[in-house]
Amino acid sequence: MNRSDVRRHLHLLRQSCGRKYISGPQGQHHNLDALFEELNLRFFHGLMGRPELGWSRTVSRRLLGHFDPSHNAIIISRVFDSPTVPRLALEYVMFHEMLHLQHPVDHSGARRCVHTRDFRAAEKQFPQLKEAKAILKTL
Ligand SMILES: [Zn+2]
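Just so you know, these numbers come straight off a predicted model, no measurement behind them. (Residues numbered from 1 in each chain as written. Predicted model: local features only at pLDDT ≥ 70, side-chain atom pairs only at ≥ 80, totals over all residues.)

Caption draft 1: Structural detail: the nonpolar core. Core analysis: the biggest nonpolar cluster contains 20 residues, and I76, F80, L90, V93, M94 and F95 have the highest contact counts within it. Every element with two or more residues in this core is listed here: α2 (32-44), β1 (52-55), β3 (73-76) and α3 (87-102). Among the elements that line this core, the one with the most residues is α3, at 8 residues. If near-sequence neighbours (up to four positions away) are discounted, V93 is found in contact with L64, G65, I76 and F80. (Core = buried A, V, L, I, M, F, W, Y, C linked by C-beta atoms within 7 Å. Buried ≥ 20, exposed ≤ 12 C-beta atoms within 10 Å, placed from the backbone. Helix = DSSP H or I, 4+ residues; strand = E, 2+ residues; numbered from the N terminus. Contact = placed C-beta atoms within 7 Å.)

Caption draft 2: Here's a closer look at α2. Along α2, the residues classified as buried are L32, L35 and F36. One side of α2 carries all its buried residues, which in axial view fall inside an arc of 100°. For α2, the exposed residues lying more than 90 degrees away from the buried face are A34, E38 and L41. Structurally, α2 contributes buried residues whose contacts are with β1, β3 and α3. In the stretch just after α2, H45 is the one whose phi turns positive, near 55°. (Arc of directions from axis to C-beta.)

Caption draft 3: Examining the packing of α3 against helix α5 (residues 129-138) more closely. Their axes nearest at 9 Å, the elements α3 and α5 cross at an angle of 105°. With respect to α5, the element α3 is oriented roughly perpendicular. Only E131, A132, I135 and L136 of α5 make contact with α3, whose side of the interface consists of L88, A89 and Y92. (Axes fitted to C-alpha atoms, helices over the stretch in contact; angles between N-to-C directions. Parallel < 35°, antiparallel > 145°, perpendicular 65-115°, else oblique.)

Caption draft 4: Main features of the environment of V85. Topologically, V85 is positioned in the loop between β3 and α3. Residues in contact with V85, not counting those within four places in the same chain, are V79 and F80.

Caption draft 5: Molecular detail of the sheet that holds β1. The mixed open sheet is built from 3 strands, whose spatial order is β1-β3-β2. Here the strands that pair on one side only, and so sit at the sheet edges, are β1 and β2 (65-68). Between one strand axis and the next, the sheet turns through 15° on average, direction left out of account. In this sheet, β3 lies alongside β1 in parallel orientation, the contact comprising 4 bridges. Directly across from W55, in β3, lies its bridge partner I76. Most of the contacts of α3 go to β2, to which it runs at about 20°, and overall it touches β2 and β3. (Pairing = 2+ DSSP bridges.)

Caption draft 6: Quick look at unusual backbone geometry. Positive phi is not limited to glycine here, since H45 has a value of about 55°. Along the chain, H45 turns up in the loop between α2 and β1. Among the residues examined, H45 registers 8 C-beta atoms within 10 Å and is labelled exposed. Phi is positive for N72, which is not a glycine, with a value near 45°. For N72, the location among the structural elements is in the loop between β2 and β3.

Just geometry here; none of it tells us what the structure is for.
Put into structure tokens, the structure is as follows:
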């Protein structure tokens, strides 16, 4: 390898590390963009700006969803892209991640608090919270 080959190789390496894998919103059974807009109208007066939405690479039962502020992306576990999992569970997980967009992390205490009291109060707007959480336990 000469010098310019090395440089090019490093450049490609850097590019692939900086980029994030996002699958796109369309799954086998659900479209995350459509779901986001539906919940946006129901709970946020349609005012929330839509981030990147995608399905997780694997069918994760531990990490059901997460909001990644550095990529402005919500990633939902593929476990929900199934006809046998009630849509209510998917709606709840998306709603929860949308609240993370609205409620910044509280760094004021000794511990970083992601689910602040305000966050918990806002989450109670979801009408079938108990039913949804019960479904998550069965996954
Ligand atoms: Zn959370």
